[in-house]
Amino acid sequence: MSGEFQQRLQLLHDQGRLRQLRPLSGRRGCRVQYQGQDLLNLTSNDYLGLAGDMALAEHFYQGLEAGNLLAEYGLGAASSRLLAGDSDLAHSLEDELATAYGRPTALLFNSGYHANIGILPALLGKNDLILSDKLNHASIHDGLRLCRATHKRFAHRDYEQLESFLASHRHRYEQVIIVSESVFSMDGDSADLPRLVSLKKKYDALLYLDEAHAVGLYGGKGLGKAEEEGVGADVDLLMGTFGKAFASIGAFVVCSREIHDILVNFSRSLIFTTALPPVVVNWSRHIFRLQQGMGEQRRHLAGLSRQLRLALEKQGLATAGDANIIPLIIGADQEAVRLAERMREQGFLIFPVRPPAVPEGTARFRLSLTADMQWSDLAALPEIFGRERAANRSGAGAGV
Ligand code: PMP
């Protein structure tokens, strides 16, 4: 092996930043086995608790058989949607999405990553400007990099800075697009949607909202923050994923017919990849329908998140945001790695999130609560975390 590769890996290891794959097994709802231990899974995006719901899977399989779907569509799409990989199942899911969101069209992508790297380069060119929240997801940053438009990043949720960019630069560009997540996955906080909508209107810009961590969780029908705040009609591109609360894989964008057609013609991550298997599309449709009636699960999860935040604060631990994702900032990478190991020993599956996924010096735990958890699963966590953290710090000090 090249010495160069070895050096790079060693450096990551020494910095506490080596990423590794970690096979899990024995999944039962929100519990999972890792290295032979049964743990509460606090790192999953299965927010509605549907991915491990065996009764739901059983019901779906029966429907597949009854509808003869496997015989009719096979397992693999075997071609791009633009060639022979399209199916009426995909169109029917898109129609249902468009109807639910009250927007002209919807378009599926193979994942949220595909959507975010494929949308901006398709829509914008060298005379255009993208204004993006600094803490937007890596897939949005990658989309920016693939796009010929100029881009500027405003400080996280700093809408005054966003407005100053718009005021001083809008006139120099043909199109300007504002890009933001609605719920920020590493911080558990939310964008100010009415403010973004008023800025986009005032400066004649487009608004692109990534609702990856909000679909299934907010709004009467689980359509996301824009639904909850009644601003859906003013969001030009609303993106949601099927891979998190919807327990599937894939993503969608709801938008105007024109934007849809531009994406079909220019979005390389849609055109040059094999379409999702029809059976997966059908599962996404199944879940999308079901989740619209899951208000009870949404309320339960919101209550659980409030209760855990309060209990953590009682232990003197600072939390932020108000979503079901609760960030606990640890700071140094090595400390976060050691502490996560200790928490696993105590029965909690937690993996640390380190730079570059989050800013330098803010390595953290991202406690992700799911609707199939009960308070009894979480009650001991604040005290254990407080104790382990204190021990970890003094241990680290003594060792230096
Ligand atoms: N957007 C955001 C905000 C995300 O957090 C993620 C995944 N973590 C994605 C997009 C990518 O979605 P997917 O997992 O469906 O590729």
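Heads up: the structure comes first, above all this text.
Parameters at a glance
- Residues numbered from 1 in each chain as written.
- Predicted model: local features only at pLDDT ≥ 70, side-chain atom pairs only at ≥ 80, totals over all residues.
- Heavy atoms only, no water.
- Helix = DSSP H or I, 4+ residues; strand = E, 2+ residues; numbered from the N terminus.
- Contact = heavy atoms within 4.5 Å.
- Axes fitted to C-alpha atoms, helices over the stretch in contact; angles between N-to-C directions.
- Parallel < 35°, antiparallel > 145°, perpendicular 65-115°, else oblique.
- Left-handed = near helix turned anticlockwise from the far one by under 90°.
- Nonpolar A, V, L, I, M, F, W, Y, C, P; charged D, E, K, R; others polar.
- Pairing = 2+ DSSP bridges.
- Near = heavy atom within 4 Å.
- Polar contact = N/O pair within 3.5 Å; in protein donor to acceptor, adjacent residues only side chain to side chain.
- Areas by Shrake-Rupley, 256 points an atom, 1.4 Å probe, with all protein chains shown as cover.
- Core = buried A, V, L, I, M, F, W, Y, C linked by side-chain atoms within 4.5 Å.
- Buried < 20%, exposed > 50% of the residue type's maximum accessible area, 1.4 Å probe, protein only.
- Domains from an automatic or database assignment.

**Looking at the side chain of Ser190**
Okay, step 1: Note that Ser190 resides in the loop between β7 (176–181) and α8 (193–202).
Okay, step 2: Aside from chain neighbours lying at most four places away, what touches Ser190 is Arg157, Ser182, Val183, Phe184, Lys225 and Asp322.

**Some words on the packing of helix α4 (residues 88–101) against helix α12 (residues 278–291)**
Okay, step 1: The N-to-C vectors of α4 and α12 enclose an angle of 25°; their axes lie 9 Å apart at closest approach. The angle between α4 and α12 falls in the class roughly parallel. In this structure, α4 meets α12 at a crossing whose hand is left-handed. Here Leu89, Ala90, Ser92, Leu93, Glu96, Leu97, Ala100 and Tyr101 of α4 come into contact with α12, specifically with Pro278, Val281, Asn282, Ser284, Arg285, Phe288 and Arg289.
Okay, step 2: Along the lines of polarity and charge, the residues of the contact of α4 with α12 split into 9 nonpolar, 3 polar and 3 charged.

**Some thoughts on the sheet that holds strand β12 (residues 348–349)**
Okay, step 1: Reading across the sheet, the 4 strands line up as β1-β2-β3-β12 and stay open at both edges, with mixed pairing between neighbours. Looking at strand neighbours, the two that pair on one side only are β1 (25–28) and β12, the edges of this open sheet.

**Details of the site of the ligand**
Okay, step 1: The local shell around the ligand holds 14 residues, among which Gly112, Tyr113, Asp210, His213 and Lys244 are the closest.
Okay, step 2: One of the backbone nitrogen or oxygen atoms of Gly112 is found 2.7 Å away from an oxygen atom of the ligand.
Okay, step 3: In this structure, a nitrogen atom belonging to the ligand sits 2.8 Å away from a side-chain N or O atom of Lys244.
Okay, step 4: Here the ligand, which alone exposes 390 Å², has 83% of that area covered by the protein.
Okay, step 5: Elements with a contribution of two residues or more to the shell around the ligand: α5 (112–123) and β9 (237–241).
Okay, step 6: Here the element with the most residues in the shell around the ligand is α5; it accounts for 3 residues.
Okay, step 7: Considered class by class, the residues forming the shell around the ligand number 3 nonpolar, 8 polar and 3 charged.

**Examining the nonpolar core**
Okay, step 1: Counting residues in each nonpolar core, the largest one holds 89 residues, and the members touching the most others are Leu42, Leu97, Tyr101, Leu162, Phe252, Phe365 and Leu367.
Okay, step 2: No other element matches the 7 residues that α4 contributes to this core.
Okay, step 3: Domain assignment of the residues forming this core places at least three in each of domain 1 (24–48 + 295–397) and domain 2 (77–291).
Okay, step 4: Ignoring anything within four residues of it in the chain, the contact list for Leu42 reads Phe348, Leu349, Ile350, Arg366, Leu367, Ser368, Leu369, Met373, Leu378 and Leu381.
Okay, step 5: Within the second largest apolar cluster, 25 residues are counted, among which are Leu107, Phe109, Ala115 and Leu124.

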